[in-house]
Amino acid sequence: MAGPVGELDVRYSSEGTVAHSWDDVVGVLEAAELFWVSSVRADGRPHVTPTLAVWSEGALHFGTGPGERKARNLAENPYVVLTTGVNTWAAGFDVVVEGEAVRVTDEGRLRELAAVWEAKYGDFWHYEVRDGCFQHGPGPAYVFAVAPVTVFGFGKGEPFSQTRWRFS
């Protein structure tokens, strides 16, 4: 995916720094093992939980059981934020992806994603595909795709940087 040009926010960036490239962002999204997904409950309270995710064909993909809080929240409000990075302030590059979580039900696409999941996370995360879901030991899992609408990148440590990418 040809990415957009990042807009550096000089208010939160070290003097003389430049925006990270979109390739930097994709590298983080492809390599990250853990993401935090933020959604909103029907009563407006936020919900944040860790999840696994894969970057494929220009979107982040994550799964959740049909009865889990994430799935119930997304049934009411599909907008989410996924974050990943490192838990330090003086080193690393954190990425925040904002977008709409759209359920993936096409079984061919789900099989492709199952292969990507297993290649990234190993045999424990082997999924069968049936009835528009991933099937795993605990039961079915809905799979959601989040195409970025806005992405933020936070470079930490000298030089500090804050970059924003917007998609249409």
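Reading the values: rules and limits
- Residues numbered from 1 in each chain as written.
- Predicted model: local features only at pLDDT ≥ 70, side-chain atom pairs only at ≥ 80, totals over all residues.
- Heavy atoms only, no water.
- Salt bridge = Lys/Arg side-chain N within 4 Å of Asp/Glu carboxyl O.
- Helix = DSSP H or I, 4+ residues; strand = E, 2+ residues; numbered from the N terminus.
- Core = buried A, V, L, I, M, F, W, Y, C linked by side-chain atoms within 4.5 Å.
- Buried < 20%, exposed > 50% of the residue type's maximum accessible area, 1.4 Å probe, protein only.
- Contact = heavy atoms within 4.5 Å.
- 1 Å grid on protein atoms, 1.4 Å probe; cavity = no way out; pocket = protein on both sides within 12 Å on 5 of 7 lines; lining within 4 Å.
- Points joined across faces, edges and corners; volume = space filled by probe spheres on them.

In total, this model carries seven salt bridges according to the counting rule given. The partner of Arg-164 in a salt bridge is Glu-7, and the shortest N-O contact between them spans 3.3 Å. Residue Arg-164 is located in strand β11 (residues 161-166), and its partner Glu-7 is located in strand β1 (residues 7-8); the two are separated by 157 residues in the primary sequence. Each of Glu-57, Arg-109 and Glu-112 takes part in a single network of salt bridges with overlapping partners.

What follows is about the nonpolar core. Of all hydrophobic cores here, the largest spans 38 residues; its most connected members are Phe-62 and Phe-134. Where this core is concerned, the elements lending two or more residues are α1 (22-31), β2 (35-40), β4 (54-56), β5 (59-64), β6 (79-84), β7 (92-104), α3 (107-121) and β10 (139-156). By residue number, the principal contributor to this core is β10, which donates six residues. Beyond its immediate chain neighbours, meaning those up to four positions away, Phe-134 contacts Leu-110, Leu-113, Ala-114, Trp-117, Tyr-127, Glu-128, Val-129, Gly-139, Pro-140, Ala-141 and Val-143.

Right, let's get into the side chain of Arg-109. You can see Arg-109 is positioned in helix α3. Here Arg-109 is in contact with Ser-56, Glu-57, His-61 and Val-104, once residues within four sequence places are set aside.

Roughly 300 Å³ of internal volume is contained in the largest pocket. Contributing to the lining of the largest pocket are 16 residues, with Gly-63, Glu-68, Trp-125, Tyr-127 and Ala-141 lying nearest its centre. Only β5, β9 (133-136) and β10 provide two or more residues apiece to the lining of the largest pocket. By residue number, the principal contributor to the lining of the largest pocket is β10, which donates three residues. The computed volume of the second largest pocket comes to approximately 180 Å³. Every residue along the wall of the second largest pocket is listed here: Leu-34, Trp-36, Thr-83, Thr-84, Gly-85, Val-86, Asn-87, Asp-94, Val-95, Val-96 and Lys-156. Listing elements by their share of the lining of the second largest pocket, those giving two or more residues are β6 and β7.

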